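Residue-level listing of the chains:
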Amino acid sequence: MEFDTIAAISTPMGEGAIAIVRLSGDEAVEIADKIFKSPTNKRLTEVATHTIHYGHLIDPKKNEVVEEVMLSLMRGPKTFTREDVVEINCHGGLVSVNRVLQLVLANGARLAEPGEFTKRAFLNGRIDLSQAEAVMDLIRAKTDRAMNVALGQMDGKLSRLIHSLRQALLETLAQVEVNIDYPEYDDVEEMTVPVLLEKCTWVRDEIKKLLQTSSQGKILREGLSTVILGRPNVGKSSLLNSLVHENKAIVTDIAGTTRDIIEEYVNVRGVPLRLVDTAGIRETEDIVERIGVERSREALKGADLILLVLNYGEELTPEDERLFETIQHMDFIVVVNKTDIPQKIDLTRVQELARNHRVVTTSLLKEEGVMELEEAIAALFFEGQIEAGDMTYVSNARHIALLHQAEATIEDALEAAEAGVPVDMVQIDVTRTWELLGEIVGDTVQESLINQLFSQFCLGK
Ligand code: GDP
Ligand code: ZN
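In the annotation of an unreviewed UniProt entry, the protein chain is listed under the name tRNA modification GTPase MnmE and assigned to Lysinibacillus odysseyi 34hs-1 = NBRC 100172. According to the UniProt record, the Sequence similarities (unreviewed entry) comment for the protein chain is "Belongs to the TRAFAC class TrmE-Era-EngA-EngB-Septin-like GTPase superfamily. TrmE GTPase family." Turning to the protein chain, the UniProt record has this under Subcellular location (unreviewed entry): "Cytoplasm".

What follows is the structure, given as structure tokens:
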């Protein structure tokens, strides 16, 4: 394939110490050579591949030094895009990095579209579509664990599994072909159906397993949506603060001061939490507070985990009991806070209401019990679960949608085969499943989808 040379800033925008302007394409080396001057006057067109060079960028039109740089030169195909790649490391300031970019653009490169580097890697056969999407997830990954999922996907874990499923379907289709080509042999039909059933059942089960990982994959990527719930003044904001180790939520002595929902993103022992502090679910006359209450109900709907906070120094109120009712079908941990003041709460009753859920006691004032709470959260998440990295996770919405469709079509194929429908009819559903799985790795996708996908990437990747 023929490609022009593209360029973009490939480090995050802002005041980093170093920024990289990346070029990729047939002319990458020639363009860099036009503007680069090393102290020894060596030409970039003559240096060995995968080498780094110190020197200055010169604007050839004005014969003016633009920047002092380190320049890496990598000839294809052993590069990310499989094309010739030049990376110019310059000072991180916005002004200087932009000057470098303008210089390469003025000397023959074109500004890359969002995701175009990754798109080239895909089009040049360096990576498949699911790997390309993993690059995007990687850019957005918020915690180490989410990063591992993205990395696992990028080095082809998901792709390999999808390929083996497609291979099994292809073998089934081959068997069906034999059956269609030699209809006069009855035993071929007899052989075909059991093979078809066996292979399709395996494929369906694997798809099901993959889909089961999808909710956890999503959690790893977006964070476990965690709502801190409780009556006013029990210590919700204090809990948020101690989990965040920052003071972003406002803590006061006046009941009901958390007027708005506050969100924080924290990493508790590798479990990403998206923490939501609420104004408490309760009836209220106060309009301002009611906005908070209504939004709390909203937040509750989408919550993966509830932290219900109670006051150790007060008896349980009917309101507390109502809160237990509200969350009875959800995952929750009870936090009995303020153990530094004399006990009034009936802990036996609390455990009764909590049923099999964990009850943790804390004194946020004295910073006691937070470790235990963090352990309880991590245990809840990883109980009976295999850690990320050990298995293939699906966390990408497009993959999940395709897997659901594939599950449905393979299910149709199985039902038809079991009902004795002629195999050449069953073949249609098997083929469709094969195509749907192919779309995950990009084997059967149309150009427009590819363009749409890559346009979501950050510029410079
Ligand atoms: P919220 O209304 O549920 O968000 O409660 P806050 O976090 O705003 O806390 C209400 C009050 O309780 C504040 O004065 C906190 O300093 C205090 N508080 C929080 N945790 C503790 C604790 O463990 N012990 C004591 N004695 N006071 C606490
Ligand atoms: Zn509060």
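Okay, back to it.
Caption draft 1: Region of the structure containing the confidence of the model for the protein chain. Averaged over all residues, the pLDDT of the protein chain equals 78, while 70% of them reach at least 70. The lowest-confidence element of the protein chain is helix 9 (residues 287–301), averaging 60 in pLDDT; the highest-confidence one is strand 13 (residues 359–362), averaging 97. Note that pLDDT drops below 50 for residues 246–261; the model gives that stretch 37 contacts with residues more than four away or on any other chain. This prediction of the complex comes with two scores: 0.49 for pTM and 0.98 for ipTM.

Caption draft 2: How the structure looks around the nonpolar core. In terms of nonpolar packing, the biggest core is built from 65 residues, with A7, V21, L23, A32, V86, V100 and V104 touching the most fellow members. Among the elements that make up this core, the one with the highest residue count is helix 14 (residues 423–441) (eight residues). Looking at which domains feed residues into this core, each of domain 1 (6–128) and domain 2 (136–219 + 396–442) gives three or more. Setting aside residues no more than four positions away along its own chain, V86 makes contact with L23, A28, V29, A32, L71, S72 and L73.

Caption draft 3: Fine view of the UniProt feature "binding site: Mg(2+)" (unreviewed entry) in the protein chain. Per the UniProt annotation, the sites labelled "binding site: Mg(2+)" (unreviewed entry) are S237 and T258. Examined against the element boundaries, S237 turns out to sit in helix 8 (residues 236–244). By C-beta crowding, S237 is classed as buried, having 23 other C-beta atoms within 10 Å.

Caption draft 4: Summary view of unusual backbone geometry. The omega torsion across G76 and P77 is 5 degrees, close enough to zero to call that bond cis. The residue P77 is located in the loop between strand 5 (64–74) and strand 6 (85–91) in this model. Of note in the backbone geometry, N41 takes a positive phi value of approximately 65 degrees without being a glycine. The topology assignment puts N41 in the loop between strand 3 (36–37) and strand 4 (51–59). For N41, a count of 7 C-beta atoms within 10 Å gives the class exposed. For R355, which is not glycine, the phi dihedral falls at a positive 50 degrees. Mapped onto the fold, R355 is located in the loop between helix 11 (347–354) and strand 13. A count of 9 C-beta atoms within 10 Å places R355 in the exposed class.

Caption draft 5: Up close: the environment of L240. Positionally, L240 belongs in helix 8. Each C-alpha atom, one on L240 and one on I228, is 7.6 Å from the other, the two residues being twelve residues apart in sequence.

Caption draft 6: Highlighting helix 3 (residues 116–123). Where burial is concerned, most of helix 3 is hidden: seven out of the eight residues are buried. E116, F117, T118, K119, R120, A121 and F122 are the residues of helix 3 that are buried. Looking one or two places after helix 3, you find G125, whose phi comes out positive at around 80 degrees.

Calculation rules
Residues numbered from 1 in each chain as written. Chains lettered and ligands numbered in written order. Predicted model: local features only at pLDDT ≥ 70, side-chain atom pairs only at ≥ 80, totals over all residues. UniProt positions renumbered as here; feature names shortened; annotations may be inferred. pLDDT = per-residue confidence, 0-100. Helix = DSSP H or I, 4+ residues; strand = E, 2+ residues; numbered from the N terminus. Contact = placed C-beta atoms within 7 Å. Core = buried A, V, L, I, M, F, W, Y, C linked by C-beta atoms within 7 Å. Buried ≥ 20, exposed ≤ 12 C-beta atoms within 10 Å, placed from the backbone. Domains from an automatic or database assignment.

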